[in-house]
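Structural characterization, general
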Amino acid sequence: MGEPIRSIIILIAVLVGVLAIAAGLIWLERRMLGLWQDRYGPNRAGPFGSLQVAADMIKIFTKEDWIPPFADKPVFVIAPAIIVVTTLLSFAIIPFAPGIEIVNLNIGLLFFLAMSSLSVYSVALAGWASDNKYSLLGGLRAAAQMLGYEVFMGLSLVGVVMLAGSFSLREIVEAQRKVWFVIPQFLGFVIFLIAGLAETRRIPFDLPEAENELVAGYHTEYSGMKFGMFFVGEYIGVTLISALIATLFFGGWLGPLLPPLLWMMIKTFFFICGFILVRASLPRLRYDQLLSFGWKLMLPLSLLNIVVTGAIILAAS
Amino acid sequence: MNGVFYLSAVVAILATMMVVTRLNAVHALLYLIVSFFSVALIFFTLGAPFVAALEIIVYAGAIMVLFVFVIMMLNLGPSSKEQESVWLKPNAWIGPSLLAGILILELIYLMVLTGGPTTSPTVEITPKQVGIALFGPYAIGVELASMLLLAGLVGAYHLGARRPRGLSSRTGDKS
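Calculation notes
- Residues numbered from 1 in each chain as written.
- Chains lettered and ligands numbered in written order.
- Predicted model: local features only at pLDDT ≥ 70, side-chain atom pairs only at ≥ 80, totals over all residues.
- Heavy atoms only, no water.
- Helix = DSSP H or I, 4+ residues; strand = E, 2+ residues; numbered from the N terminus.
- Buried < 20%, exposed > 50% of the residue type's maximum accessible area, 1.4 Å probe, protein only.
- Contact = heavy atoms within 4.5 Å.
- Areas by Shrake-Rupley, 256 points an atom, 1.4 Å probe, with all protein chains shown as cover.
- Salt bridge = Lys/Arg side-chain N within 4 Å of Asp/Glu carboxyl O.
- Core = buried A, V, L, I, M, F, W, Y, C linked by side-chain atoms within 4.5 Å.
- Phe/Tyr/Trp six-rings, centres within 6.5 Å; stacked < 30°, edge-to-face > 60°.

The next thing to look at is the overall build of chain B. When its secondary structure is counted, chain B shows seven helices and zero strands. Evaluated residue by residue, chain B yields a buried proportion of 21% over its 175 residues. Summarising the internal contacts of chain B: among those between residues at least 6 apart in sequence, 62% fall at separations of at least 24. Accessible area of chain B: about 12900 Å², with a carbon and sulfur share of 73%.

Okay, structure coming up:
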């Protein structure tokens, strides 16, 4: 089998796999929330409600796809696509198992940060193009929140890069053969987890779409599959952050007995469930709390993490 | 790689021209972001992946978001579009095109003089090499840049700091 054919097969497999997982998460999340909040969740369509996703898909595809006459049409249409494209592109650099990855960039981690910084546009532009007060407020909140949390998301990963000596995710996994980076970089892990929650705009950081004050925030005017793109984009984002946490801090595909790909899946699903548990149990923050928490607490902590890690590496060498 | 280079160069030029001619500020900014993407791709094909990544993270991902943020806050209506179309009259193009034309002529002259661009094999510069260069021979430059940023930070803090009640927050009120 030629090298290009192999890459194309991996590419298609990753694309289909990620989209299937993201769609499945819609069902998984609602069932888990039901379990943790002592209620049923969707249980009618198919066994254990597992066909709920299919029912939702049929509904969302056949709904009227309406563009408000006052909206800025081209931007309104592009905005939902941006989030799906940028989050899907980030999967290109994740090594799922030895040899199963789309591309091994030597700037892999920077590529992820670049894509996550571009996903801000999706939400900000959606809010602006809708030409609606609530949407605009949601878009503004999203822009401020994601700009702030992106800064220390990048900084929290510097410790990992210093320990591994590379931006390439494959080499970062290989560097964890002795000990997972969650132990020497525990602070970095916690900061990345919080920043990841904020980047995917999930509770407790879902201020841009706080429904009790902003109707539905930036996607108030969206309907049909355009709304579906935001919805699926959020779940792809959750899968992406979980896969990255597993790769960067928990040894990626490394593990005893089971095949590497299975280890990667187990670790990723563990963190996805963690994300859902956070949503099930935490309330939403207030907006000023969110911003001051980010800039006044998390940013200094991530800088401290870099200084201490650097000092230890310097002392050890 | 040559084909990719020329293709992204063409996209960069087209996108930048659209930036200048758009009447809607947000549309112009979006074209500018596309232009940054193509410049990043050019850096990548020239063997500088680190610079390409920074181009997207810093320019397209952070600075332009702030621009979009500010323009969203201004909430420019259709009136600003009319204003723009008044400003963008054919007369307004004469001066800038003349100046740019002189520069293009100079560029062509230089290219003819030196016999066109030499295509040397691209050497990829890894992030590690960039870091070693930055904190080795260019350490002073990095330090100076950080001083400059610190000054900006202190200034922003001064402007944004909350003053105790009773004191005027604007200097304009005193005069």
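So, about the pattern of salt bridges. Residue and element names in this part refer to chain A. Scanning all chains against the criterion turns up six salt bridges over all chains. Between Arg30 and Asp56 there is a salt bridge, with the nearest N and O atoms lying 3.5 Å from each other. Linking Arg30 in helix 1 (residues 3–36) with Asp56 in helix 2 (residues 52–62), this pair joins segments that are 26 residues apart in sequence. A relative accessible area of 23% means that Asp56 is categorised as partly exposed. The partner of Arg170 in a salt bridge is Glu101, with the nearest N and O atoms 2.4 Å apart. Within this pair, whereas Arg170 is found in helix 6 (residues 169–174), its partner Glu101 is found in the loop between helix 3 (73–90) and helix 4 (108–129), the two being separated by 69 residues in sequence. Given the relative accessible area of 33%, Arg170 is considered partly exposed.

To continue, consider the nonpolar core. Counting 109 residues, the largest nonpolar core has Ile94, Phe112, Tyr121, Leu125, Phe192, Leu248 and Phe249 of chain A as its most contacted members. At 15 residues, helix 4 of chain A tops the list of elements feeding residues into this core. In this structure, Tyr121 of chain A is in contact with Ile82 and Ala126 of chain A together with Ile33, Ala60, Gly61, Met64, Val65 and Val68 of chain B, ignoring residues within four places of it in sequence.

On to the packing of aromatic side chains, then. All names here are of chain A. The full count for this structure, using the stated rule, is 17 aromatic pairs over all chains. Both rings, one in Phe186 and one in Phe189, keep their centres 6.0 Å apart while their planes meet at 50 degrees; by these two values the pair is tilted. Placement of both Phe186 and Phe189 in helix 7 (residues 186–199) is noted, with a separation of three residues, approximately one turn of the helix. For Phe189, a relative accessible area of 10% corresponds to the buried category.

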